[in-house]
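The residues making up each chain are set out below.
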Amino acid sequence: MTTTKVYIVYYSLHGHVETMAREVQRGANAVQGVEAKLWQVPETLSNTILQKMKALPKSNDVAVIKPEQLLEADGFLFGFPSRFGVMAAQCKAFFDSTHELWASQALAGKPAGIFWSTGFHGGGQELTALTAVTQLAHHGMLYVPLGYTFGSGMLEMNEVKGGSPYGSGTYASDGSRQPTELELQQAFYQGKYVAEITKKLKNQPLSP
């Protein structure tokens, strides 16, 4: 049986998205025959600025991805913090660097999901995903939303919970709040869900 490769590509400044990414990876790796790997996008800020922003050190066990390495994967999950309702500039810069892949439509037909972190309720729990879909569309990738397949967890009203039909998410507040157990469960579910779809598409490719 061939291995289905899922790349989880993310940017994290204060650790919230990385925590979600690791849970997404766990979910994807729970699917038999799937190999999920974490990648970081390149940082664009100087060390001086990062120190002033109290950014956490980058994880040594997660390599920085190059655009051409996207070709190795059968499917993707992209994670990022929200900045005014759109993905962080570091992720946008990475997508901007994929011009050659766009020109050849090398990623067309590959499934991709999205997850995120926002500050508060008005911080783009849906808008961040919606504005990110344009990157996938121009590459011809197949956006995989969660819908309401997560079940009762999607309808939780007794606690603050990030995420939406567009993907899993968390709230960072002022940075002190960490992803809750329910948010991590949804991240795990999303990783598994996208990995299962990626595996099906790899084994039953679209007709030319």
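All of the points below concern the structure found in this document. (Residues numbered from 1 in each chain as written. Predicted model: local features only at pLDDT ≥ 70, side-chain atom pairs only at ≥ 80, totals over all residues. Heavy atoms only, no water.)

**Thoughts on the packing of aromatic side chains**
Part 1 of the reasoning: Tallied over the full model, the rule gives 6 aromatic pairs.
Part 2 of the reasoning: Ring centres of Y7 and W39 lie 5.4 Å apart, and the angle between their planes is 50°; this geometry places the pair in the tilted category. Separated by 32 residues along the polypeptide, Y7 in strand 1 (residues 4–10) and W39 in strand 2 (residues 34–40) bring together distant segments of the chain. With respect to class, Y7 is no different from W39; both count as buried.
Part 3 of the reasoning: For the pair Y189 and Y193, a centre-to-centre distance of 5.7 Å together with 20° between the ring planes defines the contact as stacked. Pair noted here: Y189 and Y193 are both in helix 6 (residues 181–203), with a separation of 4 residues, about one helical turn.
Part 4 of the reasoning: Overall, Y189 belongs to the partly exposed group, its relative accessible area being 22%.
Part 5 of the reasoning: Grouping aromatic residues by their ring pairs yields a cluster made of F76, F78, F94 and F95. (Phe/Tyr/Trp six-rings, centres within 6.5 Å; stacked < 30°, edge-to-face > 60°. Helix = DSSP H or I, 4+ residues; strand = E, 2+ residues; numbered from the N terminus. Buried < 20%, exposed > 50% of the residue type's maximum accessible area, 1.4 Å probe, protein only.)

**A few points about the pattern of salt bridges**
Part 1 of the reasoning: Scanning all chains against the criterion turns up 8 salt bridges.
Part 2 of the reasoning: The partner of K58 in a salt bridge is E43, with the nearest N and O atoms 2.9 Å apart. Of this pair, K58 sits in the loop between helix 2 (47–52) and strand 3 (75–83) while E43 sits in the loop between strand 2 and helix 2, placing them 15 residues apart in sequence.
Part 3 of the reasoning: With relative accessibility at 26%, the residue E43 sits in the partly exposed group.
Part 4 of the reasoning: Where E196 meets K192, a salt bridge forms, and the shortest distance between an N and an O atom there is 2.9 Å. You can see E196 and its partner K192 sitting in helix 6, 4 residues apart, about one turn around the helix.
Part 5 of the reasoning: A residue is classified by how much of its surface remains accessible, and K192, at 32% relative accessible area, is partly exposed.
Part 6 of the reasoning: Overlapping salt bridges bring together E18, R22 and D61 as one network. (Salt bridge = Lys/Arg side-chain N within 4 Å of Asp/Glu carboxyl O.)

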